Amino acid sequence: MRHTITVLVENEFGVLTRVAGLFSARGYNIESLNVAPIQDKTVSRMTIVTRGDERAIEQIKKQLNKLIPVIKVDDISHTVHLEREMLLVKVAASPESYNALLELADSFGAKVVDDHIDSHMILELTGKAQQLDEFLSRLSDFDVTAMTRTGPVGMRRDAKGFNLD
Amino acid sequence: MKLSGAEIVVECLKREGVDTIFGYPGGAVLQIYDAIFQQSHFKHYLVRHEQAALHAASGYARVSGKCGVALVTSGPGATNAVTGLADALADSTPLVCFSGQVTSALIGNDAFQEADVVGITRSATKHNFLVKRAEDLALIIRQAFHIATTGRPGPVLIDIPKDVSINICEFVWPEAVNMRSYQPVTQGHPGQIKKAVKAMLACQRPVIYSGGGIMNSVGSAALLRELSHSLNAPVTNTLMGLGGIPYDDPHFLGMLGMHGTYEANMAVSHCDLLVAVGSRFDDRVTGKLEAFAPDAKIIHIDIDPSSISKNIHAHLPIVGDVGVVLKQILEEIARKNGAPNADALALWWEQIAEWRAVDSLHFEQLPDAPIKPQRVIQAVHEITHGNAVVATDVGQHQMWAAQHYGFRKPHRWVTSGGLGTMGYGLPAGMGAQIAVPDERVVVFTGDASIQMCIQELATMYQYRLPIIIIILNNAYMGMVRQWQEMFYESRYSQSYFDSLPDFVKLAEAYRGTGLKVDHIEQLDSVLEQAFAIKNERFVLVDVAVSKEENVYPMVPAGAALNEMVLS
Ligand SMILES: Cc1ncc(C[n+]2csc(CCOP(=O)(O)OP(=O)(O)O)c2C)c(N)n1
Ligand SMILES: [Mg+2]
């Protein structure tokens, strides 16, 4: 089962290594890991996407909690939540392919960030992982020269906050 | 008050109530050593290898119930300490280790004696810190002691760059430590306590299985015994839990697991309620998981939530300090004024008596025959009346000591359980002797293990530690040889020594007393002689034991507990 776990950690030196090290030392899968500070700059929020059976996920949550700088752990997989990911993709462009690329970008709601008709374009798309996958597969007809994805960030949809208290 | 970083270290140790530290100097910690030279609040013991500093601190902590403290230099000093940290992590021993680091400006430059110690020790510690400014030292030290000694105890490392130990700043002592990200739970959930007591009073075949958690929660051993008596329930201990209940208490079944007694393993295999108290279902305890306590409802009391339902599903988890939770349980039993099912228990004890009658630890010492190692342990028990502090190395001798010594009290058994670290015995025995200078400390070791920290004989001499070291000398890495005999058709690959040193002369070279026992009829008299020596120096007794004796009972790795090999 795929699980999305959000974690609040002390925003201090070495926390990311501790979390990443935990996953590798204990042989847990890690599909993606995303981290950045929240409004209180002493705290960072991570979104970790992992896979495992219930028992493994239970252990992952407990082991995360056991790390000293970890403040809170929430497995949002079974809650009503949303996940978003961002993609930047660089595609070779020519006067022949240019319009088709623009059209494709438009149909997915992707932003054109850089636009050089006889060199390349950079497109930006934010959405569910699946949408990004589809967009990329449609782009396979073109010459993709570079791409990068952030991995998902996630949050519960209800009114409940996820903060220090 | 303006202090240098090094003086802050000393001042904080004083305020933490530290009276003993173990260490070894080097360039990156010279400033701290200079501050130590000028103080008189605690005593520094100079070991001969950094691994020993950590093991000594561990022995000291286990026997005194206080936090062990060690100090090592950067690079090789710190890497030598890693085994001791990993050992303390596996056995939940509270330690704080200070390591020197190269000057901040040089970090990352492959400087002389630089190692990424925070990186290397990340998975060998409960937590570690790199100190960036002298101003941060006091708070970090305070947090380190807090983390090491609370929750599930463990080792914490503080890496101090040389410039941080030199820089001067205003000293501010943080009165309280409050970490929003670290708040261990000590009280058991009242609802769970009620359910647990209900199960305890309703069961027919209970077993209490207690571990090292009883040692970490000082005072809890008495409560464990009270619970056992009030439920009339048998108790088995893990290797780390020995001494949790007196060996001669009729409720004690002996140790369980790979080299546990027949009655302990059979009782666990047939019980209908297993109460795990500060124990973690280690693979050496459970054997084959699917066959472990198959009919039992499992109550698991532990301070570490990640230990619960890790290997074995707990039907009724209780997170909390075992001492606090045992008290809550006893109060609930008293409140309910309940009594266990006497008829069912009578049948259960009858069954246990049958298993006991198998006498699985039995051995026979014939006159003129080679000395049985078990007999040596038994003889030491007789001389010390089961009151000695016993430290061990790792191997067959460790298992025989666990099976045959017979402990009366907690905090008297100092062994490396989780990591199984050869070399632990001598330094851990030193730390223990320093913690209880007026008590008798005995180290049981093997001809192979003793050579892994033998240099510590020099430390024992320097501080006049009157430790009795007994080598159960089988001229083999006995435990390795046993596995090779049983599982590799007796191909003794690299487990035999044909160049053992003369241990008696070695003891004398290190200025202690060396004695030798070759025949069974000498055993008692030489031991008496050893225990009677009163010159404050260590005594080493090299006992030539039966070479191919095996440790039994034995549950082969991966087999079920009730599939023991008895001989
Ligand atoms: C540092 C370390 N290396 C290797 C081992 C594997 N090992 C476990 S027991 C043992 C043999 C110990 O021999 P000895 O000290 O003579 O004790 P005996 O089993 O003969 O009583 C070995 C090599 C270990 N536990 N620790
Ligand atoms: Mg040996």
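Model, not experiment: these values are computed from the prediction. (Residues numbered from 1 in each chain as written. Chains lettered and ligands numbered in written order. Predicted model: local features only at pLDDT ≥ 70, side-chain atom pairs only at ≥ 80, totals over all residues. Heavy atoms only, no water.)

Chemist: Which residues make up the packing of aromatic side chains, and what are the values?
Modeler: Residues and elements named next belong to chain B. Tallied over the full model, the rule gives 13 aromatic pairs over all chains. Ring geometry for Tyr209 against Phe281: centres 5.1 Å apart, planes inclined by 75°, an arrangement best described as edge-to-face. Pair noted here: Tyr209 is in strand S9 (residues 206-210) and Phe281 is in the loop between strand S12 (273-277) and helix H12 (283-286), with a separation of 72 residues, a long-range link. Each member of the pair, Tyr209 together with Phe281, is buried. With a centroid separation of 5.8 Å and 90° between ring planes, the pair formed by Trp348 and Trp355 is classed as edge-to-face. (Phe/Tyr/Trp six-rings, centres within 6.5 Å; stacked < 30°, edge-to-face > 60°. Helix = DSSP H or I, 4+ residues; strand = E, 2+ residues; numbered from the N terminus. Buried < 20%, exposed > 50% of the residue type's maximum accessible area, 1.4 Å probe, protein only.)

Chemist: Which residues make up the side chain of Asp91 of chain B, and what are the values?
Modeler: Residue and element names in this part refer to chain B. For Asp91, the position within the fold is in the loop between helix H4 (76-90) and strand S5 (95-101). Separated by 3.4 Å, the side chains of Asp91 and Arg62 make a polar contact. Excluding residues that lie within four positions of it along the chain, Asp91 makes contacts with Arg62, Met240, Thr415, Ser416, Gly417 and Gly418. (Polar contact = N/O pair within 3.5 Å; in protein donor to acceptor, adjacent residues only side chain to side chain. Contact = heavy atoms within 4.5 Å.)

Chemist: Pulling in residues and values, what's your account of the confidence of the model for chain B?
Modeler: Scored by pLDDT, chain B has a mean of 97; 100% of the residues are at 70 or more. This complex was scored by the predictor with a pTM of 0.96 and an ipTM of 0.92. (pLDDT = per-residue confidence, 0-100.)

Chemist: Go over the pairing of strand S4 (residues 70-75) of chain A, please, and point to the residues and values.
Modeler: All names here are of chain A. Summarising burial for S4: five of the six residues are buried, a large majority. Here strand S1 (residues 2-10) runs beside S4; their pairing, made up of five bridges, is antiparallel. Residue Thr6 lies in a different strand from S4, and its bridge partner there is Asp74. (Pairing = 2+ DSSP bridges.)

Chemist: Break down the UniProt feature "domain: Thiamine pyrophosphate enzyme N-terminal TPP-binding" (unreviewed entry) in chain B for me, citing the residues and quoting the values.
Modeler: According to UniProt, the feature "domain: Thiamine pyrophosphate enzyme N-terminal TPP-binding" (unreviewed entry) maps to residues 4-118 of chain B in the numbering used here. In residues 4-118 of chain B, helix accounts for 44% and strand for 18%; the two terminal C-alpha atoms are 23 Å from one another. (UniProt positions renumbered as here; feature names shortened; annotations may be inferred.)

Chemist: Which residues make up the sheet that holds strand S17 (residues 441-446) of chain B, and what are the values?
Modeler: Sheet strands pair by backbone hydrogen bonding; their relative direction is either parallel or antiparallel. All names here are of chain B. Spatial strand order, S16-S15-S17-S18-S20-S19: six strands in an open sheet with parallel pairing. One side of each edge strand has no neighbouring strand; the edge strands of this open sheet are strand S16 (413-414) and strand S19 (513-517). Pairing of strand S15 (residues 389-392) with S17 involves four bridges; the strand directions are parallel. Bridged to Val390 within S17 is Val442.

Chemist: A description of the sheet that holds strand S3 (residues 43-46) of chain B should follow, citing residues and the corresponding values.
Modeler: Residues and elements named next belong to chain B. Pairing is parallel across the open sheet formed by six strands, whose spatial order is S3-S2-S4-S5-S7-S6. Each edge of the open sheet is held by one strand with a lone partner, namely S3 and strand S6 (127-130). Across the sheet, the axes of successive neighbouring strands diverge by a mean angle of 20°, strand direction being ignored. As paired elements, S6 and strand S7 (residues 155-161) share four bridges and run parallel to each other. Opposite Asn128, over in S7, you have Leu157 as the bridge partner. (Axes fitted to C-alpha atoms, helices over the stretch in contact; angles between N-to-C directions.)

Chemist: An account of the state of the cysteines is needed here, citing residue identities and associated values.
Modeler: All names here are of chain B. This structure, assessed with the given rule, holds zero disulfides over all chains. Cys97 forms no disulfide, and the closest cysteine sulfur to it belongs to Cys67, at a distance of 11 Å. Residue classification places Cys97 among the buried positions, given a relative accessible area of 0%. You can see Cys453 has no disulfide; the closest cysteine sulfur is in Cys97, sitting 15 Å from it. (Disulfide = S-S within 2.5 Å.)

Chemist: Which residues make up the site of ligand 1, and what values do they have?
Modeler: Residue and element names in this part refer to chain B. Not every one of the 17 residues close to ligand 1 is listed here, only the nearest: Gln396, Gly420, Ser449, Gly478 and Met479. Here Gln396 contributes a backbone N or O atom positioned 2.8 Å from an oxygen atom of ligand 1. Residue Met479 places a main-chain N or O atom 2.9 Å away from an oxygen atom belonging to ligand 1. Here ligand 1 has 590 Å² of accessible area as a free molecule, and 76% of this is covered by the chains. Breaking the shell around ligand 1 down by element, the ones donating at least two residues are helix H16 (396-404) and helix H19 (478-487). With three residues, H19 is the largest single contributor of residues to the shell around ligand 1. By residue class, the composition of the shell around ligand 1 is eight nonpolar, eight polar and one charged. (Near = heavy atom within 4 Å. Areas by Shrake-Rupley, 256 points an atom, 1.4 Å probe, with all protein chains shown as cover. Nonpolar A, V, L, I, M, F, W, Y, C, P; charged D, E, K, R; others polar.)

Chemist: So what about the domain arrangement of chain B? Which residues, and what values?
Modeler: Interfaces are often described in size by the accessible area the parts lose on coming together. Residues and elements named next belong to chain B. Parsing chain B into structural domains produces domain 1 (2-170), domain 2 (190-357) and domain 3 (373-544). A straight line from the C-alpha centre of domain 1 to that of domain 3 covers 29 Å. Each side of the interface is counted separately: domain 1 has 24 residues, and domain 3 has 28 residues. With both sides pooled, the region where domain 1 packs onto domain 3 buries about 2,000 Å², and carbon together with sulfur makes up 64% of that total. It is Arg48, Arg62 and Val63 in domain 1 that bury the most area against domain 3; as a group they hold 32% of the surface buried on that side. Counting across the domain 1 and domain 3 interface gives zero salt bridges. The tally of links between domain 1 and domain 3 comes to 12 residue pairs in polar contact (both at pLDDT 80 or more). Counting residues per element, the ones that place at least two in the side of domain 1 that touches domain 3 are strand S2 (20-23), S3, helix H3 (50-64) and H4. It is H3 that contributes the most residues to the side of domain 1 that touches domain 3, 10 residues altogether. Considered class by class, the residues forming the side of domain 1 that touches domain 3 number 10 nonpolar, nine polar and five charged. (Domains from an automatic or database assignment. Buried area = accessible area lost by both parts, 1.4 Å probe. Salt bridge = Lys/Arg side-chain N within 4 Å of Asp/Glu carboxyl O.)

Chemist: So what's going on with the nonpolar core? Which residues, and what values?
Modeler: All names here are of chain B. Residues Ile299 and Ile470 are the most contacted members of the largest nonpolar core, which totals 68 residues. Mapping this core onto the domain boundaries places at least three of its residues in each of domain 2 (190-357) and domain 3 (373-544). If we ignore the near neighbours within four places in the chain, the residues touching Ile470 are Val376, Val380, Val442, Val443, Phe444, Thr445, Leu527, Val541 and Val543. Core analysis: the second largest hydrophobic core is formed by 49 residues, Ala56, Val72, Ala78 and Ala428 among them. (Core = buried A, V, L, I, M, F, W, Y, C linked by side-chain atoms within 4.5 Å.)

Chemist: Provide a residue-level description of the domain arrangement of chain A, including the pertinent values.
Modeler: Residue and element names in this part refer to chain A. The domains assigned to chain A are domain 1 (2-79) and domain 2 (82-153). The C-alpha-based centres of domain 1 and domain 2 are spaced at 30 Å. Domain 1 puts six residues into the contact, and the matching count from domain 2 is five residues. Looking only at domain 1, the three residues that lose the most surface to domain 2 are Arg2, Asn34 and Thr47, adding up to 62% of its buried area. Counting across the domain 1 and domain 2 interface gives one salt bridge. A salt bridge links Arg2 to Glu83; the shortest N-O distance between them is 3.0 Å. Summed over the shared surface of domain 1 and domain 2, the number is three residue pairs in polar contact (both at pLDDT 80 or more). A per-class count over the side of domain 1 that touches domain 2 returns one nonpolar, four polar and one charged.

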